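These are the residues of each chain, in order.
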Amino acid sequence: MVLKKKKEIQVDAFFLDHQQLEKLQRFSKAEEQNLASLLLRCAQLSNGIQQIQCIKQIMPLVKKMDQNSACDPMVKACLDILGETYFSLGTKNPLKKVLASSLNGLPEQFMTLAVQSFVCCLGEELKTTDVYLYRKVLDNLASCMEDFSLGRASIKNLFEEVLQFLQKSLLDIQEENRQNNGNRIVQTQLMHDLLIAIKVSMMFVQKLQENIQGSLWKHHKSFVWQSMCSLLKSSTNFLTDATLLQTVQTTSGLAVILFTKAMYEPVEELPSLISDLLLGSVKHAGVPVWFVNNCGTLCTEELSDSVLLFLCHGALAMLEWKNGSMGENGEQLLLDIASVLLSLSSELKESSMATSLSRILAIWTNSALAALVSASPNLKIKLNGNSDVIGKLLEYIYTHWEHPLDAVRHQTKLIFKNLLQIHRTTITGFNEKSDPFFARLIKHLLSLEWHVKGKYASLGCLVECVGTENILQLDRTIPVQILDVMNDQSLAPYASDLLETMFTNHKTHFTLSFKDSTWIDQWHDIWVSPLLVILCEGNHDQTTYIIDYYLPKLLKCSPDSLSYMIRILQASADANQGSRSTRGALGALMACLRTARAHGHLELSNIMSSGLVSTECIKQGLVHQHNQVCIDALGLLCETHRSTEIVSMEEMQLIQFFMMYNLNSQSPSVRQQIGSLLRKLFCRIQESSQVLYKLEKNKTKQELLENSTERHPLGILQQYKDFLSSVCDRLFEVLFPGSSHPTRFSALTILGSIAEIFSVPKGQAQVFQLDQEIDSTRVRTLIQCFTSTFEEVKVLAFGLLMKIRDVALNLQDSENLDLLFQAAMDLSTSTKPYDCVTASYLLNFLVHHEGLQRICLGKRVEHNPQTDEDTSVSTVEKNTLSVIKLLLVNVEEEIFQAKKSLLQAASSFPMYGRVHCITGVLQQLPFNNLTLVTEWKEMVARLILMSYRLSAVVSPVVQSSSPEGLIPMDSDSESVGRLQMILHEIQPQDTNDYFMQAKILKEHCKVEPEKLSDHRPVENICTEMRGKERQTCDVTAQMVLVCCWRSMKEVSLLLGTLCKLLPSQATSEPSDGLITVEQVKNIGDYFKHHLLQSRHRGAFELAYAGFVQLTEMLSRCNSESLCKMPEQWLSCVLEEIKSCDPSSTLCATRRSAGIPFYIQALLASEPKKSKTDLLKMTMKELMSLAAPLNESSSVIPQVHALNILRALFRDTRLGENIMPYVADGIQAAILGFTSPVWAVRNSSTLLFSALITRIFGVKRGKDENAKKNREDLRNMLS
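All values derive from a computational prediction rather than experimental measurement. (Residues numbered from 1 in each chain as written. Predicted model: local features only at pLDDT ≥ 70, side-chain atom pairs only at ≥ 80, totals over all residues. Heavy atoms only, no water.)

*Asks:* Looking at this model, I keep getting lost on the overall build of the protein. Mind explaining?
*Replies:* Scanning the protein from N- to C-terminus turns up 65 helices and three strands. In the protein, which comprises 1278 residues, the proportion classed as buried is 54%. Within the protein, contacts between residues at least 6 apart in sequence are counted, and of these 75% link residues at least 24 apart. Roughly 58000 Å² of accessible area belongs to the protein as shown, and the carbon and sulfur atoms make up 52% of that amount. (Helix = DSSP H or I, 4+ residues; strand = E, 2+ residues; numbered from the N terminus. Buried < 20%, exposed > 50% of the residue type's maximum accessible area, 1.4 Å probe, protein only. Contact = heavy atoms within 4.5 Å. Areas by Shrake-Rupley, 256 points an atom, 1.4 Å probe, with all protein chains shown as cover.)

What follows is the structure, given as structure tokens:
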């Protein structure tokens, strides 16, 4: 059962200006509908979909007009407005296509008039001079040429003007791109505009060939010829410009070949010219002068690998390979392209280039197949399976069939499949099944280990050529061998696809060979019986993957085999019940039944009524000791092929039986599966209930009387309601205080699904509403779940409360609200980290209550009375502002006290809890819809200032060279004395006793409790009051460190949140921006300072989390100064690393501390579709530092470089862009082993380990020497 959400279609309406409306009003008639009145009514609609319906009425109305209407000025005015409207609409607006489709049906007598109107509109478009408006004109030109006769006729009339505009647009965009060098966002936009301009130019040449290839334009001084030369020259420049996006270069390769093809004479010699270009053997004597003048760089210079690749692509895509139209020169070009592509395969390692190469090779195989249809005998010999070309292609396939990129693996499979077809074409008339080439391939593939993934797809292709029976004759155990491999998830999809190909082909073979069905037993013995054995006795992973990947395909191929499976398993179910480690026959039966029902191969009611499977049998499955058997039995009840199938009473009773025993499962995966399956059941109840409501509504009274009570729709609906009510009762029962985490997780997950699925949409009857089951006791139960030490329970409880918040908040009286708020404030300053998380969720819940602001005012929070008068301010916004103000006042007071005594702060009022709560409530706020903008600006400024002040207090600890054992010096004299005493105590002892045992500090309590904002004593903190003045503080170095690094963590996350959620003035109106450009720059400098200075891993890792949010925002920002900041920061830190300055504060120990994180964040934020210039520049610098040529140079830059490289090679976000540097990284690591400096050897070892993981992937088996942990030699050396 697949749940699909209906996609709403959004259509932007068009609007006419005042002058156009006046013109239509002048011609429209009130007494009858004419074209003007219809257009006027259409323009007055504000809904785009309604306008589409209106436009569709235009042509029927126009067709009713008589011949003389063409002279009517009303028609001329309406056609003018339609033309203006067409060119004003965006290219993706459905209105544009509907209007074009309607105008395609315009009667002949109106065509001349319509063309005049469109020519006039298009002429105005072509006068555009603003480079940034070219895109709109180009989109309109493309739309005119796509199945729009009126648009194409307009372009023909303005042929030279369009050609001139295309020529001008290419040059202008190129120049604008050059002037904006360094502004990545603007350059990316311009490159995409350039890409469209090239594509439109190609479309123009292809669609209007007859206009270009007239007899007059071939004159070299004609305007058209000069324009074509200009297009060719621009395309050549783009092709060879490595700074452009790869898509632009690829398209330029297509354009160069297309334009050359249109201009070159005689066409028969064009393949020879392209061959000479690819092979670098162009002789100027035989090349036209115009070609040398415009494509000189292709003729005179040695072409780069990328240019060769794109030219090959252009030749394959733009030349005609069918029917042998290019003769022997074309055949030779085909072979030359293959030679060039195969030689490039060992040179192009960058992921995007490797992907392009594989795709172009696949295109080559398609072109070869097309050419072979009418090829000469010579070409057939050269493309035979025994030829050198095919041999090299096979080598490419073996090297790349396990490539890390999915796209390359997919293309490799296509290449192999086409290669087999190429060989079949060359041996037409011979027996394919006995062909030596196929026999050799089969033998080679079967000799490979089954852990080689490429083996499966290749064997599947061969099965389609020679048949399953011929392969099974070589080895009958192949099906069993493949099933044995399916205990590895990475191999299971490949294995199941091969098995499907084989058993489908085998079934087809048997069906054609035998007239009756006697073959089915033999087929079952080969494909079904081994499956049942493994399902009963196989290990958990193997059976799971076989059920997920193989069983559905087998049942789809042969649904009748289900009865055979049930009969075999039912016979042994009683004797083989299974165990904790094996499913047994009962578990196998449940799995088969579940899969069959989910895919529509059986009805549960039928097999239960027929006695094939009993209720007791399903109950045994529901409480089986093997977890997966329980899940399969539950899936049998919950999963159906039709989402509207009615849930029977028996199914509901079995579900209740299941829930009595399985809510406390200790396995997280089992709990997730239970939640997912029950969600499917609830969706089925909801959707089937809507069907029942419709049936009830449409039934007549007579039908209601005739129907039995049991199948009465209202009776079924009542059963649904009672069932869901009993489920909720059971779930709330198990949420008692002290219930286990698994039970709470399961119950809250299921309740959340019920609340979401049975929410009440407007105008729709609902079978069940969770709100009606909620009372104050149950709300209190959910709030108590916030006290769980597991955050996922807090998340689920909060999500459920939000779904029922109207009821939950109404049940909170003012006294209870006050108690909850005070509890949240107390918890926010607890020394237990999970308490502040509880406080955050509690505050996030309470900010939705209208009475919260009154409580905050009672805490002496600054208040603006105007906010109460302004009814447009939402409750959440007002409450959030008040809560943050209160938290901010508290944390500012605590920072002031922490400056005096950080020991006291660590033990009594750690500040991180308050900051965590501020970040939590901020994340709930809709920042794009705020009313109190001025107050929020002030609040943001205060929050940033508070963050800096808090950081200044705690940073000395986390930036210490040994933060784990540091207790800072406090400012008051008594604290100084006590700290000196502690340091003296531990100094002689070179042990870690200090970290295991607290030192008792007796101090006069200098902090007056009433100065703090919370008047209530906080429980569970490490302080004990003695009288009025004496206090005992149990403080360890760990407590101080935890306080400090958690504070740094929360400050970083808060600043990251402010940067991520709040729009900057650079991207919006200055009056709307809540954070200034200067503030963003200061926050960036803050992160830079702390990432490069912190020594404690927890501190710089969490500063990194906030910094990533900032860098991602900067990469999307339109402000040029902000957009360039990552590049500037990166250059500065690389320079500092290289400088070896003795005064540098960069940490050379602790694996370079935060420096790798800092560089990771800057590089990972670089746009994925860009040229990754920052990554290339950084890797070049780091490689030169990691393997220095001068041995006498300082080792510190080398250590930094090795540590940074390790982090970059481990970063998955850099993906395949980092792969081209693996070889240099290995070299640097191995050379580092020989260094006399231990730090270099250590960093080199860590880098080498990271590279091994990057090359081979994570270990796929526990056994280090297992076959599936090996790497193919071809892949390793490629």
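*Asks:* I'm lost on the packing of helix H11 (residues 184-207) against helix H14 (residues 246-263) in this one. Help?
*Replies:* For any two helices packed against each other, the geometry is given by the interaxial angle and the distance between the axes. The contact between H11 and H14 brings their axes to 10 Å, and the two run at 25 degrees. Classified by the angle their axes make, H11 and H14 are roughly parallel. Considering the relative orientation of H11 and H14, their crossing is left-handed. Residues Met-191, Leu-194, Leu-195, Ile-198, Lys-199, Ser-201, Met-202, Val-205 and Gln-206 of H11 pack against Thr-247, Val-248, Thr-251, Ser-252, Leu-254, Ala-255, Leu-258, Phe-259 and Ala-262 of H14. The class makeup of the residues in the contact of H11 with H14 is twelve nonpolar, five polar and one charged. (Axes fitted to C-alpha atoms, helices over the stretch in contact; angles between N-to-C directions. Parallel < 35°, antiparallel > 145°, perpendicular 65-115°, else oblique. Left-handed = near helix turned anticlockwise from the far one by under 90°. Nonpolar A, V, L, I, M, F, W, Y, C, P; charged D, E, K, R; others polar.)

*Asks:* Teacher, can you tell me more about the confidence of the model for the protein here?
*Replies:* Interpretation of the predicted coordinates at a detailed level should be avoided for regions scoring low in pLDDT. When the pLDDT values of the protein are averaged, the result is 82; 84% of them are 70 or greater. Low confidence marks residues 982-1033, where pLDDT is under 50. Its contacts with residues over four positions away, or in another chain, come to 95 contacts. Contacts from residues 1064-1071, a stretch scored under 50 in pLDDT, to residues over four places away or in other chains number 18 contacts. (pLDDT = per-residue confidence, 0-100.)

*Asks:* What exactly am I supposed to notice about the packing of aromatic side chains here?
*Replies:* Here the distance between the centres and the angle between the planes together describe a pair of aromatic rings. Within this structure, the stated rule accounts for 29 aromatic pairs. Judged by centre distance (5.8 Å) and plane angle (50 degrees), the rings of Tyr-86 and Phe-118 are tilted. You can see Tyr-86 sitting in helix H5 (residues 73-88) and its partner Phe-118 sitting in helix H7 (residues 111-126), a full 32 residues away along the chain. On the basis of relative accessibility, which here comes to 1%, the residue Phe-118 falls in the buried class. Here Tyr-1086 and Phe-1087 contribute two aromatic rings whose centre-to-centre distance is 5.6 Å and whose plane-to-plane angle is 65 degrees, an arrangement assigned as edge-to-face. Both residues of the pair, Tyr-1086 and Phe-1087, belong to the buried class. Members of the aromatic cluster, connected to one another through ring pairs, are Tyr-948, Tyr-1086, Phe-1087, Phe-1107, Trp-1129 and Tyr-1158. The aromatic ring of Phe-657 is capped on one face by Lys-619, whose charged end is 5.1 Å from the ring centroid. Residue placement shows Arg-1046 over the ring face of Tyr-912; its charged tip is 5.9 Å from the ring centre. (Phe/Tyr/Trp six-rings, centres within 6.5 Å; stacked < 30°, edge-to-face > 60°. Lys NZ or Arg CZ within 6 Å of the ring centre and 35° of its normal.)

*Asks:* Got a minute to help me understand the packing of helix H18 (residues 305-318) against helix H19 (residues 327-344) in this structure?
*Replies:* It is at 10 Å that the axes of H18 and H19 come closest, and there the two elements cross at 145 degrees. Crossing of H18 over H19 shows left-handed handedness. Contacts between H18 and H19 involve Asp-305, Leu-308, Leu-309, Cys-312, Ala-315 and Leu-316 from the former and Leu-334, Ile-337, Val-340, Leu-341 and Leu-344 from the latter. Split into classes, the residues belonging to the contact of H18 with H19 amount to ten nonpolar, no polar and one charged.

*Asks:* Sorry, what's going on with unusual backbone geometry here?
*Replies:* The phi angle of most residues is negative, glycine excepted, and most peptide bonds adopt the trans form. Between Glu-265 and Pro-266 the backbone carries a cis peptide bond, its omega angle lying at -5 degrees. One non-glycine residue, Asp-147, adopts positive backbone phi at about 50 degrees. Within the secondary structure layout, Asp-147 lies in the loop between helix H8 (134-145) and helix H9 (149-157). Relative accessible area serves as the criterion here: at 65%, Asp-147 is assigned to the exposed category.

*Asks:* I keep staring at the nonpolar core and nothing clicks. Help me out?
*Replies:* As a rule of thumb, soluble globular proteins bury nonpolar side chains together. Ranked by size, the top nonpolar core spans 410 residues in total, and within it Trp-364 and Ile-1159 carry the most contacts. The greatest single-element share of this core, amounting to 13 residues, is contributed by H11. When neighbours within four sequence positions are excluded, Trp-364 is seen to be in contact with Leu-316, Leu-334, Ile-337, Ala-338, Leu-341, Leu-383, Val-389, Leu-393 and Ile-422. (Core = buried A, V, L, I, M, F, W, Y, C linked by side-chain atoms within 4.5 Å.)

*Asks:* It is not clear to me how the state of the cysteines should be interpreted in this structure. Could you clarify?
*Replies:* Working definition of a disulfide: a covalent bond connecting the sulfur atoms of two cysteines. What the rule picks out here adds up to zero disulfides. Here Cys-120 stays free of any disulfide, with the sulfur of Cys-121 as its closest cysteine sulfur at 5.6 Å. For Cys-120, a relative accessible area of 52% translates into the label exposed. (Disulfide = S-S within 2.5 Å.)

*Asks:* Mind showing me how you'd approach the side chain of Thr-426 here?
*Replies:* You can see Thr-426 is positioned in helix H23 (residues 406-426). Residue classification places Thr-426 among the buried positions, given a relative accessible area of 14%. There is a polar contact of 2.7 Å between the side chain of Thr-426 and the backbone oxygen of His-423. The residues contacting Thr-426, other than those within four sequence positions of it, are Leu-372, Lys-380, Leu-383 and Asn-384. (Polar contact = N/O pair within 3.5 Å; in protein donor to acceptor, adjacent residues only side chain to side chain.)

*Asks:* Explain helix H22 (residues 388-400) to me, please; I cannot follow it from the model alone.
*Replies:* Counting along an α-helix, one turn takes 3.6 residues, and residues three or four places apart therefore face a common direction. Helix length check: H22, at 13 residues, gives a terminal C-alpha distance of 18 Å against a target of 18 Å (1.5 Å per residue), a fit within 8%. Here H22 has its buried residues at Val-389, Ile-390, Leu-393, Leu-394, Tyr-396, Ile-397, Tyr-398, Thr-399 and His-400. (Expected span 1.5 Å × (residues − 1).)

*Asks:* Sorry if this is basic, but what is going on with a nonpolar patch on the surface here?
*Replies:* Taken together, Val-623, Met-660 and Tyr-661 make up a surface patch of nonpolar side chains, about 310 Å² in accessible area. Among the secondary structure elements, Met-660 is positioned in helix H37 (residues 649-662). The class for Met-660 is exposed, based on a relative accessible area of 52%. (Patch = residues over 30% accessible without salt bridge, like charges linked within 9 Å, V, L, I, M, F, W, Y side chains within 5 Å. Salt bridge = Lys/Arg side-chain N within 4 Å of Asp/Glu carboxyl O.)

*Asks:* Looking at this structure, how should I read the pattern of salt bridges?
*Replies:* A side chain of one charge can pair with a side chain of the opposite charge if their charged atoms are brought near each other. For the structure shown, the criterion picks out 29 salt bridges. Taking the shortest distance from any N to any O, the salt bridge between Arg-594 and Glu-639 comes out at 2.8 Å. Here the residue Arg-594 occupies a position in helix H33 (residues 584-598), and Glu-639 occupies one in the loop between helix H36 (627-638) and H37, the gap between them amounting to 45 residues. For the pair formed by Arg-594 and Glu-639, the shared burial category is buried. Each of Arg-583, Arg-594, Asp-632, Glu-639 and Lys-680 takes part in a single network of salt bridges with overlapping partners.

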